[in-house]
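Residue strings, one per chain:
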Amino acid sequence: MTTEKKKDSGEPVIEVEDLVTYYGSRRILDQVNLSIRAGEVMVIMGGSGSGKSTLLRHLLALHKAASGSIRLFGQDLDSLSPTELYRMRLRTGVSFQNGALFNSLNVEENVAFPLREHTRLDDNTVRIMARMKLEVVNLAGFEKLMPAQLSGGMVKRTALARAIVMDPSLLFFDEPSAGLDPVVSADLDELILRLRDAMRVTIVVVTHELDSAFRIADRILVLDKGKVLVIGSVDDVKNSDSERVQNLLNRRSEDIIVDADEYMQRLTDNLAGL
């Protein structure tokens, strides 16, 4: 179906089949299928309300689908016991959009937190491992700074160091470039690619930043209203004949057609429910 830049023979790390989910009566994801191979960078894109953040929550086992299945490392998430799910999560790392750092802990303590929570390593080993990961993200020497003293880019890199401190096989990013200037964003993109190559980690990135997506992606999944519009290489996406994909890439608005009768019926139904 697609032409890949590289890594066309890796075993699937993530397999999503016919995933459907609702919020109330609203269908958010509609028959989503996705396979992510070991060692690739998969970027998930889409406009606001497309379902990309919901898909990420499913991949993190934070939300249960109405139907369909998700397998990580060959295991069906719905079939795992709490203990098995805990062990599965130890193989993954997550870098959240706003960093999600603990304000009462300094940089080193934030990075070391997963090791203290999930291992029995001694304090000296934990400190060494945390500082090693801070060197990887170019934050050596900033160990004692508090989150309030960090720039936006430093917050993102601290969060990344924490996400990789336990050497995960699978790494998730939620809007890694959001709020960053172009230079800092480009530096973070390069760091993501270096991590992929050095740690041989599979990376899933949810983003709306086109430049970043095109720099780092091996493949891109584009969602719209819960449906997969296209999945393929950067060139596949850029050359897609889908009008919705081109509107997204070129930041073109779409005409919104309002059915007056349908609108009045929804308004009446909503008022009746009050």
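Residues numbered from 1 in each chain as written. Predicted model: local features only at pLDDT ≥ 70, side-chain atom pairs only at ≥ 80, totals over all residues. Heavy atoms only, no water.

Engineer: Please clarify how the packing of aromatic side chains should be interpreted in this entry.
Structural biologist: Aromatic ring pairs are defined here through the distance separating the ring centres and the angle between the ring planes. Per the stated rule, a full pass over the model turns up one aromatic pair. Residues Phe-102 and Phe-113 carry aromatic rings whose centres are separated by 4.7 Å and whose planes lie at 45 degrees to one another, so their mutual orientation is tilted. Note that Phe-102 is positioned in the loop between strand 6 (92–95) and helix 3 (107–118) and Phe-113 in helix 3, a separation of 11 residues in sequence. On the basis of relative accessible area, Phe-102 is assigned to the partly exposed category, the value being 35%. Phe-113 sits in the partly exposed class, given a relative accessible area of 30%. (Phe/Tyr/Trp six-rings, centres within 6.5 Å; stacked < 30°, edge-to-face > 60°. Helix = DSSP H or I, 4+ residues; strand = E, 2+ residues; numbered from the N terminus. Buried < 20%, exposed > 50% of the residue type's maximum accessible area, 1.4 Å probe, protein only.)

Engineer: Hey, could you run me through the sheet that holds strand 4 (residues 67–72) in this one?
Structural biologist: The pairing of strands in a sheet happens through backbone hydrogen bonds and is either parallel or antiparallel. Pairing is antiparallel in the open sheet, where four strands are placed in the order 2-1-4-5. Strands with a single pairing partner mark the edges of an open sheet, and in this sheet they are strand 2 (26–37) and strand 5 (75–76). Across the face of the sheet, helix 1 (residues 52–59) comes into contact with strand 1 (12–23), strand 2 and strand 4 while running at roughly 120 degrees to strand 1. (Pairing = 2+ DSSP bridges. Contact = heavy atoms within 4.5 Å. Axes fitted to C-alpha atoms, helices over the stretch in contact; angles between N-to-C directions.)

Engineer: Just to check I follow, could you spell out the pairing of strand 3 (residues 41–46) for this structure?
Structural biologist: On a regular strand, one side chain projects to one face of the sheet and the next to the other, so that they alternate. Summarising burial for strand 3: six of the six residues are buried, a large majority. Burial of strand 3 is two-sided: the residues Val-41, Val-43 and Met-45 facing one way and the residues Met-42, Ile-44 and Gly-46 facing the other way are all buried. Here strand 3 pairs with strand 8 (residues 202–206) via four bridges, running parallel. Note on strand 8: the bridge partner recorded for Ile-44 is Val-206.

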